[in-house]
Amino acid sequence: MGLLNREEAEALIQEVLEVYPEKAKKDRAKHLMVNDKKLESAKKCITSNRKSVPGVMTQRGCAYAGAKGGVWGPFKDIIDISHGPIGCGQYSRGGRRNYYSGIAGVDSFCDLMFSSDFQEKDIVFGGDKKLAKLIDEVESLFPLSKAISVQSECPIGLIGDDIEAVSKKKAAEIGKTIVPVRCEGFRGVSQSLGHHISNDAIRDWVISNRDGKLDAGTPYDVAILGDYNIGGDAWASRILLEEMGLNVVAQWSGDGTIAEIENTPKAKLNLLHCYRSMNYIARHMEEKYGIPWLEYNFFGPTKIAESLREIASHFDDKIKEGAERVIAKYQPAMDAIIAKYKPRLQGKKVMLYVGGLRPRHTVGAYEDLGMEVVGAGYEFAHNDDYDRTIKELKDATLIYDDATGYELEEFVRQVKPDLVGSGIKEKYAFHKMGVPFRQMHSWDYSGPYHGYDGFAVFARDMDMTVNNPCWSMFKAPWQKPAEEPEAKAA
Amino acid sequence: MANIMIRKGDKGYVFYMPKRDIEDSIVAMEFDTPEKWGGEIKLGNGGIYFIEPQAAPARLPYSVRAKRIDGVE
C-alpha cells in the first residue's frame, strides 16, 4: 500500500472512530485530522491539550512527570526531592538518560532519587516536618549540591502542606536556593502543565538571583534552552555553536547547573530547541531582560544548516562566516552518510508519535535520508505546536493528538509504515506486531541524534532498525500459509 | 480577565495568552499613541479583547491584564 491520499486518510480516521461509543467518538474525532498545508492555523481542524477520555488508554504523563523528569531532573547539581509517596520518584529516576559530566552522588545528582517516602501518618499529620528533616539530611549527606528543588506529588496538594514556607525557612538556614515546585500530578491534562509550572518556578525562585550582579558578558553569549542532553544531544549541539564562534553560557537543562540558570540573563540570544517545554521562560526573559529567542532544529543536515544560518543572522559577519565554515566543514561527512544510507532507506514510510517537538523536528532528518513521514502526532502538544507541524508535513499526512493505544495500533496496521517512532509504552506492542520500531523519546539507548555528529548515529540507527533481518523471520514457517486470516484476527 | 503578553512581530503587535495558548497577530488596536495605548484590540482569529487604556509601555514585550469581549477562546 502506497501513501494515503486525502480521501483514504479521512476514511481511515472514520473507520478507526467507529468502535467508540457515541460520546467518545465525538470527542476523539476532534483530535484526528488529515494534514492540509494551506491551513494558516491548526485550531479549526484539531483540538489539543484537552483532558483525555477515561478508558481509552492515553499515553500521557502527569504534571509531576513534566516537572521532575522533564525540566528539573537533568540539572546536575540540583537535588530534586520527590516529596510524597515513594513510587513517583522511583519510577521517574534516570530513565531518560540525561547525560552529565560529574560524579554521581558527589557533585551530580541526576541518577539519584530523593524522596520523602510519605506514610499514612504524614498524610494525617502533614509532611512539612518530614520535609524539613529531609532537607537537613540531604545537606549533611551531599554538601556539594548547589540547590534543592521540592517536587510535590499529588498528596501534597491534597493535604495542603506549605512547602513554600519550609523551603524559605530552610533556604535561609543552609544558604542554598530551595525551589518549591507545585507540580502535583493531578494538575492539568498532561505533563505539559508540569513544564509550565517548572518554568514559572524558575522564573519566581531562581532566574533573578543575580540581577544587577552579572557582568555584561561577550556579545556572542547564547543559551541553549530545551535541550535535555539525551544520549549527549546538547553536547553535540553545543560544539557546533562554539565552533561558529558563539559562547554558550547555559544549557537548559541537560548537563546544566544552577549557576548556568542564574547566568542566562546575560545571554544575547536564547536558542530554543524544545519549544513546548521552555517557551514560557524564553518569553519571560524576552520581557524582563530583552533577550530575543529563536526556535532552531538540529535534526538532519538540511535543518541544521538552515538553523545555523538563522542563528548567525542575529549576529555580526564573524559569526555568519563561522556558520558557513561549520556547514562547509561537515557537509562532506554528511554527504557520505547520506550516500551510504539513503539507498537503503529510500522511500520507507515512518509514523511518529512522540512528545513535544520531535514529530515535527525529525521530519527534516528523515527526508534527508529519503524517508517519508506518513503520520505524526503528539502526546501533549498545544495548538501552537500543531500550527508549526502542519507546515513541516506533507499534505494528506495523518495527524493524531493524544492518540490512544487502539488508534495507534489501527493506524499502523492500515498504513503499514516501515518504521514507527514512539515511546517505551508503545515499543513492545509494535514489536509484537512485527513492525520495526525506534524509541524516539530517549533514542532507544542510543544517541546523540542532535547536530552533525548526531545525524551519523541517527542514520545508522534507522538503517539498523528498518533493514534488520529479524523482521523477515517474524513468522514461524508453519504459520506462513495461513498469513492472511491470521493477520486479520491478530 | 487574563494575563496576556504583547510583543512586536514582523507585522505589528502579536498577542499571546499563555493560559489558552493563543498566539495571534493584533489587527487593530483602539489607541496606539505614546500617551494613550490599549483599549479594544482585535485579533487575527476574530477575538476581541480589552486592555485598560494606559501610557504605552517603554519596551515590548509587555505583560498586561486583558478582558475578553468577544470571539473564540
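Residues numbered from 1 in each chain as written. Chains lettered and ligands numbered in written order. Predicted model: local features only at pLDDT ≥ 70, side-chain atom pairs only at ≥ 80, totals over all residues.

Participant: It is not clear to me how the nonpolar core should be interpreted in this structure. Could you clarify?
Facilitator: A general feature of soluble globular proteins is that nonpolar side chains tend to end up buried together. Ranked by internal contacts, the top residues of the largest apolar core, which has 132 residues, are A223, M244 and L308 of chain A. Not counting chain neighbours up to four residues away, the residues in contact with A223 of chain A comprise V249, A250, W252, T264, A267, N270 and L271 of chain A. (Core = buried A, V, L, I, M, F, W, Y, C linked by C-beta atoms within 7 Å. Buried ≥ 20, exposed ≤ 12 C-beta atoms within 10 Å, placed from the backbone. Contact = placed C-beta atoms within 7 Å.)

Participant: Help me understand helix α14 (residues 317-345) of chain A in this model?
Facilitator: At 3.6 residues per turn, the α-helix brings residues three or four places apart onto the same side. Residue and element names in this part refer to chain A. The largest bend along α14 measures about 40 degrees and falls at Q331, with the proline P332 one to four residues further on. Inspection of α14 places I319, G322, A323, V326, I327, Y330, M334, I337, Y341 and L345 among the buried residues, and these make up the whole buried set. Note on α14: the residue one or two positions beyond its end, G347, has a positive phi of about 80 degrees. (Bend = angle between axes of the 7 residues up to and from the residue. Helix = DSSP H or I, 4+ residues; strand = E, 2+ residues; numbered from the N terminus.)

Participant: Before we go on, may I ask you to explain the domain arrangement of chain A in this structure?
Facilitator: How big an interface is tends to be stated in terms of the accessible area lost upon association of its parts. Residue and element names in this part refer to chain A. Domain assignment breaks chain A into domain 1 (1-60 + 331-490), domain 2 (63-205) and domain 3 (221-325). Look at where the C-alpha atoms of domain 2 and domain 3 centre, and you get two points 27 Å apart. Contacts between the two partners involve 23 residues from domain 2, matched on the other side by 19 residues from domain 3. The element that contributes the greatest number of residues to the side of domain 2 that touches domain 3 is helix α9 (residues 191-205), accounting for seven residues. Of the residues belonging to the side of domain 2 that touches domain 3, the class tally is eight nonpolar, eight polar and seven charged. (Domains from an automatic or database assignment. Nonpolar A, V, L, I, M, F, W, Y, C, P; charged D, E, K, R; others polar.)

Participant: What is the right way to look at the environment of G127 of chain A in this model?
Facilitator: All names here are of chain A. With respect to the helices, strands and loops of the structure, G127 is situated in the loop between α5 (120-125) and α6 (128-141). Considered as a pair, G127 and M433 are 306 residues apart in the sequence and their alpha carbons are 46 Å apart. Every residue in contact with G127, bar those within four places of it in the chain, is listed here: H83, S116, F118, D122, I156 and D161.

Participant: Which parts of the structure should I look at to understand the sheet that holds strand β13 (residues 419-422) of chain A?
Facilitator: The strands making up a sheet associate through hydrogen bonds between their backbones, and the pairing can be parallel or antiparallel. Residues and elements named next belong to chain A. Across the sheet, which stays open at both edges, the six strands sit in the order β1-β12-β11-β10-β13-β14 with mixed pairing between neighbours. The sheet is open, and its two edges are formed by β1 (32-34) and β14 (437-439), each paired on a single side. When strand polarity is set aside, the average angle formed by the axes of neighbouring strands in this sheet is 15 degrees. The strands touched by helix α18 (residues 405-415) are β10 (349-354), β11 (372-378), β12 (398-401) and β13; relative to β10, the strand with the most contacts, the crossing angle is about 175 degrees. (Pairing = 2+ DSSP bridges. Axes fitted to C-alpha atoms, helices over the stretch in contact; angles between N-to-C directions.)

Participant: Where do I start with unusual backbone geometry in this structure?
Facilitator: When glycine is set aside, most residues are seen to have a negative phi, and most peptide bonds are trans. Residue P448 of chain A is bonded to the preceding G447 of chain A through a cis peptide linkage, with omega at 0 degrees. Going from L60 of chain B to P61 of chain B, the amide bond is cis rather than trans, its omega being 0 degrees. By the element assignment, P61 of chain B lies in the loop between β5 (48-54) and β6 (62-70). With a phi angle near 45 degrees, D117 of chain A is a residue other than glycine that sits in the positive phi range. C-beta crowding within 10 Å serves as the criterion here: with 17 such atoms nearby, D117 of chain A is assigned to the partly exposed category.

Participant: Help me understand the sheet that holds strand β7 (residues 247-253) of chain A in this model?
Facilitator: Residues and elements named next belong to chain A. Sheet architecture is open: four strands sit in the order β7-β6-β8-β9, paired in parallel fashion. Both edges of this open sheet fall to β7 and β9 (293-295), since each of them pairs with a single strand only. The mean inter-strand angle of the sheet, taken between neighbouring strand axes irrespective of direction, is 25 degrees. Pairing of strand β8 (residues 269-272) with β9, which is carried by three bridges, proceeds in the parallel orientation. Bridging from a neighbouring strand, L271 pairs with L294 of β9. Relative to β8, helix α12 (residues 275-289) is tilted by about 165 degrees, and along the sheet it contacts β6 (221-227), β7, β8 and β9.

Participant: So what exactly am I meant to see when it comes to helix α13 (residues 301-312) of chain A here?
Facilitator: All names here are of chain A. Given a rise of 1.5 Å per residue, twelve residues ought to cover 16 Å, and the 16 Å separating the end C-alpha atoms of α13 matches this to within 8%. Those residues of α13 lying buried are P301, K303, I304, S307, L308, I311 and A312. Taken around the axis of α13, the buried residues stretch over an arc of 165 degrees, which confines them to a single face. Residues of α13 that are buried sit in contact with α10 (233-243), β8, β9, α14, α16 (363-368) and α20 (451-466). (Expected span 1.5 Å × (residues − 1). Arc of directions from axis to C-beta.)

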